[in-house]
Structures are given as structure tokens and as C-alpha cells.
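These are the residues of each chain, in order.
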Amino acid sequence: GEKVKAMASLPLVKNKTFQGVLIFLENTSPREWSSEELAFMKMVRDIVESVITRSQTTTKNVTVNKGLIDTYDYLSEYIYIRDEYTNKVLYSNEALNKVLGYDFVGKDSDLLLGANTDKLGSNYGNRIVSNKSINKWQKYIKEFDKTMNICERKTHWLDNSKAVIVILSELKEEMINENIQNLN
């Protein structure tokens, strides 16, 4: 191939740690790089450093999320993670699969909780807490033949897509009595 006639190299650094080198080559004639070209090279380097940082952060988040998912199988609460937009179940823990009698992964989460009419929860049941990232409410679940505490929290799935973790837990006896008293 062509021989290199001019070269510029810029170090790639993240948190004061050397990550590599970004090299720009010219193979037509020897030359000095203009200040505009050097500014462009620095801009490209900054973008590459940003991508490296984001990639490493995403990898770290995936590792953390995978560790959490492994832990969910040891909890007695019923837990599943659904795609935020399609409601397709991406993960369901062993406790939930056992009580349902089948693996809930791949199913439409509306099969369990019913279709929620809007993001604000007008059909959620007895609403307790709501904000942009977390919803806590209570609802009778036909498959369990009981009213359950439900907590939904926005998160990201292993591929970094938007997801919602749903935790279902049984109402304590005192909460049931309190709810009955509130109705009277």
C-alpha cells in the first residue's frame, strides 16, 4: 500500500488513565497539520473518549443488573421485568414462575396485572405512591386469588433498553384490616 507521508497521534485518556492512541495519517505528501485540522482531531478524540466512557459505564451497568437478576431468584416476592413499551416479560423470578405454574418470560405482562389504561395509573387500583420512576399500588390478582402490593420502578434491561421491574408482595394482615376500616 501507500507509505505514510504525515502522521498525527493523540492519546485517549479516561480519568487520567491511558486508553489508547488515535492516529491520523496522510499518504499523499509530507505536510504540517493546520490549526483547524488539529482542532478537528481533538474534537474527534473527545468523541471517542466519550464513547469509551459510555461503553465502559454500560458494561458496568449490565454487570450490576445481571447480579441483581441472579439475586431475584432467591427472593420470595414475585418479581418480573417487562419492556416499558411492549409489556413483554424479559425476566421472571423462580418464585413467580412456581406460583404461576409456567415460565412468565416472553408473555405479555398484562396477562397478570391486566391492561393499565394510562401511565398515570387511573386503572391501577388502590394507589399509594406515584412519581416519574416509581409506582406503588395494590390490586386484586385473580391468579393469586388475593390483593397484592405492587411496586413498579423504571430501569434498563441488559441491552440498555427501557424496562420496568415489577415486584409483587403479599399484603400483611394489618394492612388488610386497615384497608377494610378505611372503607367503613
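See the structure shown above.
Presented here is an overview of the structure given in this document. Just so it is clear, the structure is predicted and the values come from calculations on it, not from any experiment.

About the cut-offs
Residues numbered from 1 in each chain as written. Predicted model: local features only at pLDDT ≥ 70, side-chain atom pairs only at ≥ 80, totals over all residues. Heavy atoms only, no water. Helix = DSSP H or I, 4+ residues; strand = E, 2+ residues; numbered from the N terminus. Buried < 20%, exposed > 50% of the residue type's maximum accessible area, 1.4 Å probe, protein only. Contact = heavy atoms within 4.5 Å. Areas by Shrake-Rupley, 256 points an atom, 1.4 Å probe, with all protein chains shown as cover. Pairing = 2+ DSSP bridges. Polar contact = N/O pair within 3.5 Å; in protein donor to acceptor, adjacent residues only side chain to side chain. Core = buried A, V, L, I, M, F, W, Y, C linked by side-chain atoms within 4.5 Å.

### Focus on the overall build of the protein chain
Across its full length, the protein chain holds 4 helices and 8 strands. What you see in the protein chain, going N to C, is helices and strands ordered as β-β-α-β-β-α-α-β-β-β-β-α. Burial analysis of the protein chain (184 residues in total) assigns 30% to the buried set. In the protein chain, of all internal contacts separated by at least 6 residues, the share reaching a separation of at least 24 is 35%. Roughly 12200 Å² of accessible area belongs to the protein chain as shown, and the carbon and sulfur atoms make up 54% of that amount.

### Some details on the pairing of strand β4 (residues 89-92)
In this structure, strand β3 (residues 78-83) lies alongside β4, joined through 3 bridges in antiparallel fashion. When the sheet's bridge partners are listed, I81 is paired in β4 with Y91. Taking the residues that link successive antiparallel strands as the turn, the β3-β4 hairpin has 5 residues, and the phi of N87 there is positive, at about 65 degrees.

### Some words on the environment of D46
Take D46: it is sitting in helix α1 (residues 35-72). Separated by 34 residues in the primary sequence, D46 and L12 place their C-alpha atoms 8.2 Å from one another.

### Focus on the side chain of N149
Residue position: N149 is located in strand β7 (residues 146-156). The exposure class of N149 is buried, given its relative accessible area of 15%. A polar contact is formed between the side chain of N149 and the side chain of Q138, at a distance of 3.1 Å.

### Describing the environment of N27
Mapped onto the elements of the fold, N27 is located in the loop between β2 (17-26) and α1. The exposure class of N27 is partly exposed, given its relative accessible area of 36%. A sequence separation of 23 residues divides N27 from V4, and the C-alpha atoms of the two residues are 4.6 Å apart. Look past the residues within four positions of N27 in its chain and what remains in contact with it is E2, K3 and K5.

### Focus: the side chain of R82
Mapping R82 onto the fold places it in strand β3. Residue R82 is classed as buried on the basis of its relative accessible area, which comes to 7%. A polar side-chain atom of R82 sits 3.5 Å from a polar atom in the side chain of E152. Contacts of R82, omitting those with residues within four sequence positions, involve N87, K88, V89, L90, S109, E152, A163, V164 and V166.

### Side note on the nonpolar core
Core analysis: the biggest nonpolar cluster contains 17 residues, and Y80, L96, L112, L113, I141, F144 and L168 have the highest contact counts within it. Of all the secondary structure elements, the ones that give two or more residues to this core are β3, α2 (94-100), α3 (110-113), β6 (134-141), β7 and β8 (162-170). Contact partners of L112, with chain neighbours within four places excluded, come to Y80, L96, L100, F104, I141, E143, F144 and L168.

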